[in-house]
Amino acid sequence: MILVTGGAGFIGANFVLDWLRDGDEPVVNADKLTYAGNAETLAPLSSDERHVFVREDICDRAAMDALFSTYKPRAVVHFAAESHVDRSIHGPGEFVQTNVVGTFTLLEAARAYWGTLSGAERDAFRFLHVSTDEVFGSLGPADAAFSEVTAYAPNSPYSASKAASDHFVRAYHHTYGLPTLTTNCSNNYGPYQFPEKLIPLTLINALAGKRLPVYGDGSNVRDWLYVGDHCAAIRTVLARGTPGETYNIGGWNEKKNIEVVRTLCALLDELRPAAGGARYESQIEFVKDRPGHDQRYAIDATKIERELGWRPAETFETGLRKTVQWYLDHAAWVQGVTSGSYRHWIEKHYAPQS
Ligand code: NAD
Ligand code: TYD
């Protein structure tokens, strides 16, 4: 089986759902269920024996050791993290704890377990670390996109903590030979994303008649990738990536924030017209910029295509349309998240184990 961390979050849950849709290898899913962990997302797996959910903190070494010795995973896919830049600006401590100390703790537990393996099992073991393009810092308009050899230059507490975790993963390969893989991906969007991030926030606020906050002048550029494509890329790297290597993953799809928000508004105008014929765009409001806001991210994803044959299947148009339709069709999930009731559901079903 495989061990997934953070599999109740946005990308981790999509990964687990896709993994068990496409195959039968069981998953042990370790997640602390912070505010970003939503166990309701995993409800379709509640009676699926291939999925074992454990509420655990990756910073807890004894708990991580117990997971390895109990489940003997052949691989780790490590998503668990604090992931929101704005939260990292207000409270960086938790980012150091989970992203740096947590990744270190998981690496130590993985290394100890891997040390007990021999022969084919030892050779086949993988530790896949899911990271971000934000570790590379900010690009100017004419700069070349980030490649795997771009120097690290993190600018926010979030990206600094992810960069630190990437360095530990690198060091564990270099020093101990642990068979690690690192992926650095651009901004994801799609089903089950927590509405603190731009795309779900815009959709949910638009439908609720609230303002759509665009930071600064909306000219910041991000590369956007549909979450299902990211999950497919991770499966590809896990299956065929070379230990010790890093792979950039992106959508070939740079957009200004204001373009993203306007496109979402236009899709909603078409799919869920507002009462009285008002245009959702009229709810856009330019607000105070994020401190240290990176101007542009862009990913050069040629290595993963050339070496492993992965390319995104969705275009921005197809992926965004699917996403808007998903949020329209899943009002109960949205309601659970916006009302906070998903937290009560967690408390009822997943009481802390200690
Ligand atoms: P998310 O915030 O939606 O989910 C994070 C999950 O980790 C949650 O379920 C949370 O409960 C869990 N978690 C947090 N602290 C934990 C701890 N100490 N122990 C165990 N579980 C813990 O994040 P996401 O958007 O799904 O991102 C997943 C990973 O992908 C992160 O490592 C992130 O840095 C990376 N990433 C995200 C994006 C993006 O656009 N969202 C892009 C590139 C890379
Ligand atoms: P976000 O979804 O927070 O992802 P990240 O900061 O990891 O790229 O933000 C995406 C972009 O959208 C980023 O440039 C900040 C901007 N943004 C807004 O303009 N308004 C918002 O309300 C949010 C949450 C983000």
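Structure first, text after, so check above.
Since the model is a prediction, treat every value here as computed from it, not as a measurement. (Residues numbered from 1 in each chain as written. Chains lettered and ligands numbered in written order. Predicted model: local features only at pLDDT ≥ 70, side-chain atom pairs only at ≥ 80, totals over all residues. Heavy atoms only, no water.)

(A) Local environment of the sheet that holds strand β2 (residues 27-31). Taken in spatial order, the seven strands of this open sheet run β3-β2-β1-β4-β5-β6-β10, and their pairing is parallel. In the strand order of this sheet, the two ends are held by β3 (51-55) and β10 (246-249), each with one partner. Neighbour-to-neighbour, the strand axes of the sheet open up by a mean angle of 20°, direction not taken into account. Taken together, the four bridges between strand β6 (residues 180-185) and β10 define a ladder with parallel strand orientation. Across the sheet, T183 pairs through a bridge with Y247, a residue of β10. Contacting β4 (75-78), β5 (126-132), β6 and β10, helix α8 (residues 227-240) runs over the sheet at an angle of about 145° to β5. (Pairing = 2+ DSSP bridges. Helix = DSSP H or I, 4+ residues; strand = E, 2+ residues; numbered from the N terminus. Axes fitted to C-alpha atoms, helices over the stretch in contact; angles between N-to-C directions. Contact = heavy atoms within 4.5 Å.)

(B) Molecular detail of the pattern of salt bridges. A complete count under the given rule lists 21 salt bridges for this structure. Linked through salt bridges whose partners overlap, the residues forming this network are D18, R21, D22 and R235. (Salt bridge = Lys/Arg side-chain N within 4 Å of Asp/Glu carboxyl O.)

(C) Looking closely at the packing of aromatic side chains. Scanning the entire structure with this criterion turns up 20 aromatic pairs. Both rings, one in F136 and one in Y152, keep their centres 5.3 Å apart while their planes meet at 80°; by these two values the pair is edge-to-face. Placement of F136 in the loop between β5 and α6 (157-176) and of Y152 in the loop between β5 and α6 is noted, with a sequence separation of 16 residues between them. Since its relative accessible area comes to 5%, F136 is described here as buried. Both rings, one in Y327 and one in W333, keep their centres 6.3 Å apart while their planes meet at 75°; by these two values the pair is edge-to-face. Residues Y327 and W333 agree in their burial class; the two are buried. Sitting over the face of the ring of Y176, R111 holds its NZ or CZ atom 3.8 Å from the ring centroid. (Phe/Tyr/Trp six-rings, centres within 6.5 Å; stacked < 30°, edge-to-face > 60°. Buried < 20%, exposed > 50% of the residue type's maximum accessible area, 1.4 Å probe, protein only. Lys NZ or Arg CZ within 6 Å of the ring centre and 35° of its normal.)

(D) Quick peek at the side chain of N220. Inspection of the secondary structure assignment puts N220 in the loop between β8 (212-215) and β9 (221-226). Reaching out from N220, the side chain makes a polar contact with the side chain of H293 at a distance of 3.4 Å. Excluding anything up to four places from it in sequence, N220 contacts Y215, K255, K256, N257, H293, D294 and Q295. (Polar contact = N/O pair within 3.5 Å; in protein donor to acceptor, adjacent residues only side chain to side chain.)

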